[in-house]
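Chain by chain, the residues run as shown.
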Amino acid sequence: SQGGMKRPLERVMIERKFLTHDQVRKLNSNMGSTPTLKQPQAITDTEAKKLVGQICNRVLCDSVLDVQEFVITYLGRLPRDPDPVALHLISKKALRAGLWMDFLETVRGCIGVQVKNLVEVLEVGRTDDDFVIVTRHKKGGMTLESLLGRVRRLKLSEALRICKEIAK
């Protein structure tokens, strides 16, 4: 927002060059006049493997790491870089769910920042159908999601410790 006034998402997306006027028109026409969101279709195995062996945003994709509702993550390599990277393809369908705009701006701001508790963001971009985020891949790292999947609920002391690490 500027001066406390909210601006339409379409305008912000065009100004920040995430989408063109034509792409916004197409998204709006695809969304129709109903305010309710359609349930996204599950990503098929074939769709998830579409980039294996291919190059996307300079990343040679070796394998699929993870498939979520709006995100496919590939393990890959950059030219002349021995360290593995993760290529995250975020579907533009996520825009319909009101997601990612602030997230993408935050990620873009993290490019080049190297901090112990933060995955290094190498690049942010887009393809015709997806937003792209390239990060370093840390083998064996645990995500909060995987931790909660194992323990279901954190003790208060553990939650506070994690919050303190995130804040650092």
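Read on for an overview of the structure.

Analysis parameters
Residues numbered from 1 in each chain as written. Predicted model: local features only at pLDDT ≥ 70, side-chain atom pairs only at ≥ 80, totals over all residues. Heavy atoms only, no water. Helix = DSSP H or I, 4+ residues; strand = E, 2+ residues; numbered from the N terminus. Buried < 20%, exposed > 50% of the residue type's maximum accessible area, 1.4 Å probe, protein only. Contact = heavy atoms within 4.5 Å. Areas by Shrake-Rupley, 256 points an atom, 1.4 Å probe, with all protein chains shown as cover. Pairing = 2+ DSSP bridges. Patch = residues over 30% accessible without salt bridge, like charges linked within 9 Å, V, L, I, M, F, W, Y side chains within 5 Å. Salt bridge = Lys/Arg side-chain N within 4 Å of Asp/Glu carboxyl O. Disulfide = S-S within 2.5 Å.

## Some words on the overall build of the protein chain
Along the protein chain, the regular secondary structure elements total 6 helices and 6 strands. Element order for the protein chain, N to C, with α for helix and β for strand: α-α-α-β-β-β-β-α-β-β-α-α. Classification of the 168 residues of the protein chain by burial places 27% in the buried group. For the protein chain, restricting intrachain contacts to residue pairs at least 6 apart in sequence, the fraction spanning at least 24 positions comes to 49%. In the structure as shown, the protein chain presents an accessible area of about 12000 Å², 54% of it carried by carbon and sulfur atoms.

## Some thoughts on the environment of Val 134
Assignment of secondary structure puts Val 134 in strand 6 (residues 130-136). Residues Val 134 and Val 59, 75 residues apart in the sequence, show an inter-C-alpha distance of 8.2 Å.

## Some details on the sheet that holds strand 3 (residues 71-77)
Reading across from one edge, 1-2-3-4-6-5 is the order of the 6 strands in this open sheet, with antiparallel pairing throughout. Unpaired on one side and paired on the other, strand 1 (55-56) and strand 5 (121-126) mark the two borders of the sheet. Strand direction decides the pairing type here: strand 1 and strand 2 (residues 59-67), joined by 2 bridges, are antiparallel. Bridge pairing in strand 2 places Cys 56 opposite Val 59.

## Comments concerning a nonpolar patch on the surface
On the surface, Val 113, Val 115 and Leu 118 cluster together to form a nonpolar patch covering roughly 190 Å² of accessible area. In this fold, Val 115 is placed in the loop between helix 4 (101-109) and strand 5. Take Val 115: its relative accessible area is 37%, and that puts it in the partly exposed class.

## Structural notes on unusual backbone geometry
Excluding glycine, most residues fall at negative phi; most peptide bonds, likewise, are trans. Positive phi, normally seen in glycine, also occurs at Arg 58, with a value near 70°. Summarising the element assignment, Arg 58 is placed in the loop between strand 1 and strand 2. One non-glycine residue with positive phi stands out, namely Arg 80, at about 55°. Secondary-structure assignment places Arg 80 in the loop between strand 3 and strand 4 (85-91).

## A closer look at the state of the cysteines
Using the criterion set out here, one finds 0 disulfides in the structure. With no disulfide of its own, Cys 56 has Cys 61 as its nearest cysteine by sulfur position, at a separation of 6.0 Å.

## Overview of the pairing of strand 3
Counting buried residues in strand 3 gives 5 out of 7 residues, a clear majority hidden from the surface. Relative to strand 3, strand 2 runs antiparallel, the two sharing 6 bridges. Along strand 3, the bridge assignment pairs Val 67 with Ile 72. Taking the residues that link successive antiparallel strands as the turn, the strand 2-strand 3 hairpin has 3 residues. Taken together, the 6 bridges between strand 3 and strand 4 define a ladder with antiparallel strand orientation.

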